[in-house]
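As a plain string of letters, each chain reads:
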Amino acid sequence: MNVYEINGHFIAAESANQALDFYLEETNFIDEIEFGEMPEGEMETISISCRRVPDKELVKKDIPCCEDGCARCDDLNDYVYDSLQDVLDKSINFPCTLAVSS
């Protein structure tokens, strides 16, 4: 299983194509595209960035456990942080979104 970052979404999938299909379906990216009035000859560009996340980045613990307090961090002054690998290890169904960068 690999992890791909597509427009800030970290997705676990077998391939980049599978991750992209999942991203497009989950985010409704195409539905969000809207062009205004375009003068003759004008061109608009839509881009999607995709990269395979290196293994060394999978172990960095920088994903907060929650957004506003949970059983894991209630007694602390900070969140408990997980790595992409931690979240991947707990995941059952693939492809899936592991995290979304802010």
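Rules behind the numbers
Residues numbered from 1 in each chain as written. Predicted model: local features only at pLDDT ≥ 70, side-chain atom pairs only at ≥ 80, totals over all residues. Heavy atoms only, no water. Salt bridge = Lys/Arg side-chain N within 4 Å of Asp/Glu carboxyl O. Buried < 20%, exposed > 50% of the residue type's maximum accessible area, 1.4 Å probe, protein only. Helix = DSSP H or I, 4+ residues; strand = E, 2+ residues; numbered from the N terminus. Phe/Tyr/Trp six-rings, centres within 6.5 Å; stacked < 30°, edge-to-face > 60°.

S.K.: Which parts of the structure should I look at to understand the pattern of salt bridges?
M.R.: Proximity of charged atoms lets side chains of opposite charge pair with each other. Under the criterion given, the structure shown has five salt bridges. For R51, the salt bridge goes to E57, with nearest N and O atoms at 2.8 Å. With a relative accessible area of 29%, E57 lands in the partly exposed category. Its salt-bridge partner being R72, residue D82 comes within 2.9 Å of it at the nearest N-O pair. Of this pair, D82 sits in strand β5 (residues 81-83) while R72 is found in the loop between β4 (61-64) and β5, placing the two residues 10 residues apart along the sequence.

S.K.: Can you help me understand unusual backbone geometry in this one?
M.R.: Note: most peptide bonds trans; most residues except glycine with negative phi. Of note, the bond from F94 into P95 is cis; its omega dihedral lies within 30 degrees of zero at -5°. Turning to its location among the elements, P95 is positioned in the loop between α3 (84-90) and β6 (96-100). Phi angles above zero are rare outside glycine, and N7 is one such case at about 45°. As for its placement among the helices and strands, N7 is situated in the loop between β1 (2-6) and β2 (9-13). On the basis of relative accessibility, which here comes to 28%, the residue N7 falls in the partly exposed class.

S.K.: Sorry, what's going on with the packing of aromatic side chains here?
M.R.: We describe a pair of aromatic rings using the distance from one ring centre to the other and the angle between the two ring planes. Overall, the coordinates contain one aromatic pair when judged by the stated rule. For the ring pair Y79 and Y81, a centre distance of 6.4 Å and an interplane angle of 90° mean the geometry is edge-to-face. With a relative accessible area of 31%, Y79 lands in the partly exposed category. Residue Y81 is classed as partly exposed on the basis of its relative accessible area, which comes to 33%.

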